[in-house]
Amino acid sequence: MLSIIIPVYNEESILEKSIETLRQYLSRGQFSYEILVVNNGSTDATAEIGKRLMVQYPWFRFLSVPERGAGKAFALAVREARGEFLVFIDADLSSELMFLDYARDLLIHCDMLVGSKLMGHQRRSLVRIVGSQFYILLSQLFFGLTVSDYSIGAKAFRKSAILDVLPFLDSWTGYILELCLYLHLQGKRIVQIGIECDDQRASHFNLWYEAYYRYRHIFRCWRLLRDKKSWLYRSF
């Protein structure tokens, strides 16, 4: 089964439409799937819409984290997912849905699948593109990683490859980098593919704070990597 996971924060205006778009897309293929929406502290009607959809569709589930945090929503989704193949996509479906097909086919052969906007084509603001590329450059310089996209959306995992490290992951947005480091050090296979992304709406994150947090987190990961007793080196 493919567990399609969508973290949401104040998405009342698009949630129902996005789920219907997904339903139509998945109905055309040979998918055994569930859609799991994880509410990350929404203050609008997102929760009400999610609960209504859960009654309407047997393949739809709606969960909420007790305390806001992107990493906390990720950990809850992984624990609760019923499938072995986990695909994380954004609520606005800004990345091409063909990524779902790639995940279904390629996770047979790898532990993490990265949908890379840098390798594909992206329509985003210049500020976000430049900020992302500088972050990618630093990750390559500090850690020797070849991953070229650390955003939350368009990422897929084997559940068994990451389940045991959930308690150690960053509770905010740094967990993708941590997972890449962990899987790389464990000799697991990370595959990248280029994707189309059209994301021109305003971010739910404060971009300046997010940039400060991400770059500070790189230093935290560098220190973690220097500690040979850290969880990054543990085989569970």
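Further up the page is the structure itself.
Reading the values: the criteria
- Residues numbered from 1 in each chain as written.
- Predicted model: local features only at pLDDT ≥ 70, side-chain atom pairs only at ≥ 80, totals over all residues.
- Heavy atoms only, no water.
- Helix = DSSP H or I, 4+ residues; strand = E, 2+ residues; numbered from the N terminus.
- Rg over C-alpha atoms; globule rule 2.2 N^0.38 Å.
- Buried < 20%, exposed > 50% of the residue type's maximum accessible area, 1.4 Å probe, protein only.
- Contact = heavy atoms within 4.5 Å.
- Areas by Shrake-Rupley, 256 points an atom, 1.4 Å probe, with all protein chains shown as cover.
- Lys, Arg positive; Asp, Glu negative; His and termini not counted.
- Charge placed at Lys NZ, Arg CZ, Asp CG, Glu CD.
- Pairing = 2+ DSSP bridges.
- Axes fitted to C-alpha atoms, helices over the stretch in contact; angles between N-to-C directions.
- Salt bridge = Lys/Arg side-chain N within 4 Å of Asp/Glu carboxyl O.
- Nonpolar A, V, L, I, M, F, W, Y, C, P; charged D, E, K, R; others polar.

Colleague: Help me out: how do you make sense of the overall build of the protein in this one?
Modeller: From N to C terminus, the protein includes 8 helices and 7 strands. By the compact-globule yardstick of 18 Å for 236 residues, the protein fits well, its C-alpha radius of gyration being 17 Å. Referenced to the eigenvectors of the C-alpha coordinate spread, the extents of the protein come out at roughly 50 × 35 × 35 Å. When the 236 residues of the protein are sorted by exposure, 52% land in the buried category. Taking contacts inside the protein between residues at least 6 apart in sequence as the whole, the part at least 24 apart equals 79%. Accessible surface, the protein: about 11,400 Å² in total, of which carbon and sulfur atoms supply 54%. Taking the average place of the 29 positive charges on the side chains of the protein and the average place of its 25 negative ones, the gap between the two points comes to 6 Å.

Colleague: Mind showing me how you'd approach unusual backbone geometry here?
Modeller: Unlike most non-glycine residues, asparagine 10 shows phi in positive territory, near 50°. As for its position among the elements, asparagine 10 is in the loop between β1 (2-8) and α1 (15-27). The residue alanine 154 is not glycine, and still its phi comes out positive at about 55°. With respect to the element layout, alanine 154 can be found in the loop between α5 (126-143) and β6 (155-158).

Colleague: I'm lost on the sheet that holds strand β4 (residues 85-88) in this one. Help?
Modeller: Hydrogen bonding along the main chain pairs the strands of a sheet, whether they run parallel or antiparallel. Read from one edge to the other, the open sheet built from 7 strands follows the order β3-β2-β1-β4-β6-β5-β7, with strand pairing classed as mixed. Looking at strand neighbours, the two that pair on one side only are β3 (60-64) and β7 (190-198), the edges of this open sheet. The mean angle between the axes of side-by-side strands here comes to 20°, regardless of whether they run parallel or antiparallel. The pairing of β1 with β4 spans 4 bridges and is classified as parallel. In the sheet register, leucine 2 faces β4, and the bridge partner there is phenylalanine 85.

Colleague: When you look at the pattern of salt bridges in this model, what are you seeing that I'm missing?
Modeller: Pairing between side chains of opposite charge can happen when the charged atoms of each approach one another. Under the definition given, this model contains 15 salt bridges. Between aspartate 105 and arginine 104 there is a salt bridge whose closest N-O contact spans 3.2 Å. On the basis of relative accessibility, which here comes to 39%, the residue aspartate 105 falls in the partly exposed class. When its relative accessible area of 26% is taken as the criterion, arginine 104 is described as partly exposed. Among the ionic contacts, a cluster of salt bridges with common partners joins Glu34, Arg61, Glu80 and Arg82.

Colleague: When you look at the packing of α1 against helix α2 (residues 46-56) in this model, what are you seeing that I'm missing?
Modeller: Angle between the axes and distance between the axes are the two parameters that describe a pair of packed helices. At their nearest, the axes of α1 and α2 sit 10 Å apart, and the two run at 35° to each other. Between α1 and α2, the residues in contact are Leu15, Glu16 and Ile19 and Thr46, Ile49, Gly50, Arg52 and Leu53, respectively. Each residue belonging to the contact of α1 with α2 can be placed in one class, and the counts come to 4 nonpolar, 2 polar and 2 charged.

Colleague: Looking at this structure, I do not really get helix α4 (residues 98-106). What am I missing?
Modeller: For α4, the complete set of buried residues consists of Phe99, Leu100, Asp101 and Ala103. On its buried side, α4 packs onto β1, α1, β4, β5 (112-123), β6 and β7.

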